Amino acid sequence: MNLFRRKSVTQLQAEALTDQRLKRVLGATNLTMLGIGAIIGTGIFVLTGTVAAQNAGPAVILSFVLAGVASIFAALCYSEFASLVPMAGSAYTYGYATLGELFAWIIGWDLILEYALGAVTVSIGWSGYVVSFLRDIGIHIPAQLSGARGTLVTLADGTQVTAIFNLPAVIIIAIVTLLLVIGIRESANVNNVIVFVKVAVVLLFIVGAAHAVNPANWHPFIPPNTGVRGHFGWSGVMQGAGIVFFAYIGFDAVSTAAQEAKNPKRDMPISIIGSLLVCTVLYIAVAAVATGIVPYLQLDVPDPIAVAADHAGVGWMASLIKLGAIAGLSSVILVMLLGQSRIFWTMADDGLLPKFVSRVHPKFQTPWITTIVTGIVVACFAAIFTVREAGSLVSIGTLLAFVIVSVGVLVLRIREPNLPRTFKTPAVWFVAPMGALSALALMISLPWLTWERLIYWFAFGIVIYFGYSVYNSKLGPRKMAGETGWSRALKIAGVIWIVFGSLGSILWLARYRTEYIPGPLGIVIGLAGFVLAWSLGALLNLVAQVSDHTHARHLMMESPADAEK
């Protein structure tokens, strides 16, 4: 069982030339618009306020700068890969070509989480702006149907009610899913219009509200730490950077559309780097204006930019900003769901997920099954999650993808230095390590709860890989010599025992030990659980391997026909 079997880059390039299942209809402009469409959204219209109020204060500006610097390093690495391997799949495909199948699975499983929860996060922000905008024009959505399940929603009279689920978020997911099923060209055209509208609104806010900036609101620029890690001070700036990093996911989403680009070798680097640079400047400008107008503690609301416009005395602009935010967030949802469905489709096409997932619609030429499944799952989570819960998970997933892509570029430079590259990452021996290290630094700054949820997700992913994907991969044998259904079940049981036993031990040592059994005894219990998990898992696997060898020898001793069977 070779867990590090790779797709060759030349094989992927040949496949890109011959695979016509998806339409190649996107030019550089469309791809850049996809990037801007994904980048300008929740980061400006939602997270600017929550991060300023809860993490960094006015230094949310620095959070955006730090996240932008880390993104630029990663974007240069992405650009080399996207021009070299013009296939759907983004970092998953790049990992498959450089680090092997197990790493490809890990990053693909990570990207599934990243894009799905990205769409969840943005749809929740979209809901907040829609409810606010409709209220302005006299239409009131019941508060019980406009928030995450269990959250308290304050009514106009000051009373509070408990939300049941977020209906507007579910509705926008359904509309975008339908559009993506109909076609990529139609989706891109709709996105182009939306991007034009929201960039115009962002520029209007920066120019129109700048006169109301009060420099006193920027002092202290980095509020002192409250004693809680990540709540103001430099730890708050770093944690804020880790959270708003979610906003820069857009150029990663561009790379998932490489198989639908007309000239990916030229257009992918242009669109990835161009969209990132434009949006980074706009992010910093909006964060500076918003925190200069409104004291940062007052920005912890679903629609902080609209609140800033109200404080600036440009009430006529507030409704326009809300309308622009609604349009802008819609395009982010579109690109997130586009990226998610393409990752799903590519992994299924490689045999790592069930084959039916990779079916393309005969008329629309879109991966319609993955699009619909993604839409249903995202709608369910959008109905019950809060913005912050989903946003942190998306950030850590994006950062992990950036680490693997940055490392992958170096590996490919060493392994295949003579490959013709239309775009080469400049100063790669500085840029790639800095991309990996800066992403790791931001990952470390995120809250432990985010790491815990990521670990749970990967634990389930590893079980699926060893239980299904490793046997059905196009690059691997469908069946091991002498393997039976019983021995395969034992192997899967061993993997489950190792994964979840280790997970329980790690969580005990890192989180629960100090609460229940502090001191050396708690450490011994955690280590003993770890050893027990691996020992029992290894024993189950050993029994299965002995069974396989015994059965294979038995078949060899039988007639050739039986052996072949």
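Above this text is the structure in question.
Quick look at the structure, then. (Residues numbered from 1 in each chain as written. Predicted model: local features only at pLDDT ≥ 70, side-chain atom pairs only at ≥ 80, totals over all residues. Heavy atoms only, no water.)

Topic: the overall build of the protein chain
When helices and strands are counted, the protein chain shows 20 helices and two strands. Here the C-alpha atoms of the protein chain give a radius of gyration of 25 Å, agreeing with the 24 Å that 2.2 N^0.38 yields for 565 residues. Its C-alpha atoms give the protein chain principal-axis dimensions of roughly 90 × 60 × 50 Å. Per-residue burial for the protein chain yields a buried fraction of 58% across its 565 residues. The contacts in the protein chain between residues at least 6 apart in sequence include a share of 80% that link residues at least 24 apart. When the accessible surface of the protein chain is summed, it comes to about 22200 Å², and 71% of that surface belongs to carbon and sulfur atoms. (Helix = DSSP H or I, 4+ residues; strand = E, 2+ residues; numbered from the N terminus. Rg over C-alpha atoms; globule rule 2.2 N^0.38 Å. Buried < 20%, exposed > 50% of the residue type's maximum accessible area, 1.4 Å probe, protein only. Contact = heavy atoms within 4.5 Å. Areas by Shrake-Rupley, 256 points an atom, 1.4 Å probe, with all protein chains shown as cover.)

Side note on the pattern of salt bridges
Throughout the structure, instances matching the rule amount to eight salt bridges. Here Lys7 and Asp350 are joined by a salt bridge, their closest N and O atoms 2.4 Å apart. Here Asp350 lies in the loop between helix H13 (315-349) and helix H14 (368-382) and Lys7 lies in the segment before helix H1 (9-18), a separation of 343 residues in the sequence. Here Lys7 matches Asp350 in class, with each residue buried. Salt-bridge contacts for Arg266 lead to Asp267; the nearest nitrogen and oxygen are separated by 2.9 Å. Under the relative-accessibility criterion, Asp267 is labelled buried at 2%. Within the structure, one salt-bridge network assembled from shared partners comprises Glu80, Arg413 and Arg421. (Salt bridge = Lys/Arg side-chain N within 4 Å of Asp/Glu carboxyl O.)

Digging into the packing of aromatic side chains
For the structure on display, the rule yields 14 aromatic pairs. Here Tyr465 and Phe466 contribute two aromatic rings whose centre-to-centre distance is 5.1 Å and whose plane-to-plane angle is 80 degrees, an arrangement assigned as edge-to-face. An identical accessibility class is assigned to Tyr465 and Phe466; each is buried. Here Phe530 and Trp534 contribute two aromatic rings whose centre-to-centre distance is 6.4 Å and whose plane-to-plane angle is 40 degrees, an arrangement assigned as tilted. Of the two residues, Phe530 and Trp534 both sit in helix H19 (residues 520-557), four residues apart, roughly one turn of that helix. Judged by its relative accessible area of 33%, Phe530 falls in the partly exposed class. (Phe/Tyr/Trp six-rings, centres within 6.5 Å; stacked < 30°, edge-to-face > 60°.)

Some points on the nonpolar core
Phe45, Tyr78, Tyr129, Phe205 and Ile305 are the most contacted members of the largest nonpolar core, which has 165 residues in total. Of the residues forming this core, the biggest block, 20 residues, is contributed by helix H6 (residues 101-136). (Core = buried A, V, L, I, M, F, W, Y, C linked by side-chain atoms within 4.5 Å.)

Overview of the side chain of Thr280
Considering the arrangement of structural elements, one finds Thr280 in helix H11 (residues 264-293). Side-chain polar atoms of Thr280 contact the backbone oxygen of Leu276, separated by 2.8 Å. For Thr280, the residues in contact, after removing those within four places along its chain, are Gly68 and Tyr248. (Polar contact = N/O pair within 3.5 Å; in protein donor to acceptor, adjacent residues only side chain to side chain.)

Topic: unusual backbone geometry
Cis geometry is adopted by the peptide bond preceding Pro220, which originates at His219 and carries an omega value of -10 degrees. Residue position: Pro220 is located in the loop between helix H8 (184-209) and helix H9 (233-244). Here Phe232, not a glycine, exhibits a phi torsion of approximately 70 degrees, which is positive. Phe232 gets classed as buried once you look at its relative accessible area, which sits at 5%. Positive phi is not limited to glycine here, since Ala427 has a value of about 45 degrees. Within the secondary structure, Ala427 is located in the loop between helix H15 (387-415) and helix H16 (428-445).

As for H14
Taking 1.5 Å per residue as the helical rise, H14 with its 15 residues ought to reach 21 Å, and the 21 Å between its terminal C-alpha atoms agrees with that figure. For H14, the set of buried residues is Ile369, Thr370, Thr371, Thr374, Gly375, Val378, Ala379 and Ala382. (Expected span 1.5 Å × (residues − 1).)

Section: the environment of Met268
Secondary-structure assignment places Met268 in helix H11. As for Met268 and Glu80, which are separated by 188 residues in sequence, their C-alpha atoms are 9.0 Å apart. Not counting residues up to four positions away in its chain, the partners in contact with Met268 are Leu31, Ala82, Val254, Ser255, Ala258 and Ala261.

Observations concerning the side chain of Asn166
Inspection of the secondary structure puts Asn166 in the loop between strand E2 (160-162) and helix H7 (167-182). Given the relative accessible area of 2%, Asn166 is considered buried. A polar atom in the side chain of Asn166 sits 2.6 Å from the side chain of Ser127.

Examining a nonpolar patch on the surface
Together, Trp486, Trp497, Leu532, Leu536, Leu539, Leu542, Val543 and Val546 line one region of the surface with nonpolar side chains, adding up to about 770 Å² of accessible area. Of all elements in the fold, only helix H18 (485-516) and H19 reach the threshold of two or more residues within the nonpolar patch. Here the element with the most residues in the nonpolar patch is H19; it accounts for six residues. Tracing the chain through its elements places Leu536 in helix H19. Overall, Leu536 belongs to the partly exposed group, its relative accessible area being 31%. (Patch = residues over 30% accessible without salt bridge, like charges linked within 9 Å, V, L, I, M, F, W, Y side chains within 5 Å.)

Focus on H19
The α-helix winds at 3.6 residues per turn, so residues separated by three or four positions along the chain end up facing the same way. Across its 38 residues, H19 extends 55 Å between first and last C-alpha, which sits within 8% of the 56 Å expected from 1.5 Å per residue. Here H19 has its buried residues at Gly522, Gly526, Ala533, Gly537, Ala544, Ser547 and Asp548. Where H19 is buried, its residues contact H18.

Notes on the packing of H9 against H16
Where H9 meets H16, the closest approach of the two axes is 8 Å, and the angle between their N-to-C directions is 105 degrees. Classified by the angle their axes make, H9 and H16 are roughly perpendicular. Along the contact surface, H9 presents Met238, Gln239, Ala241 and Gly242, while H16 presents Ala441, Leu442 and Ser445. Broken down by class, the residue content of the contact of H9 with H16 amounts to four nonpolar, three polar and no charged. (Axes fitted to C-alpha atoms, helices over the stretch in contact; angles between N-to-C directions. Parallel < 35°, antiparallel > 145°, perpendicular 65-115°, else oblique. Nonpolar A, V, L, I, M, F, W, Y, C, P; charged D, E, K, R; others polar.)

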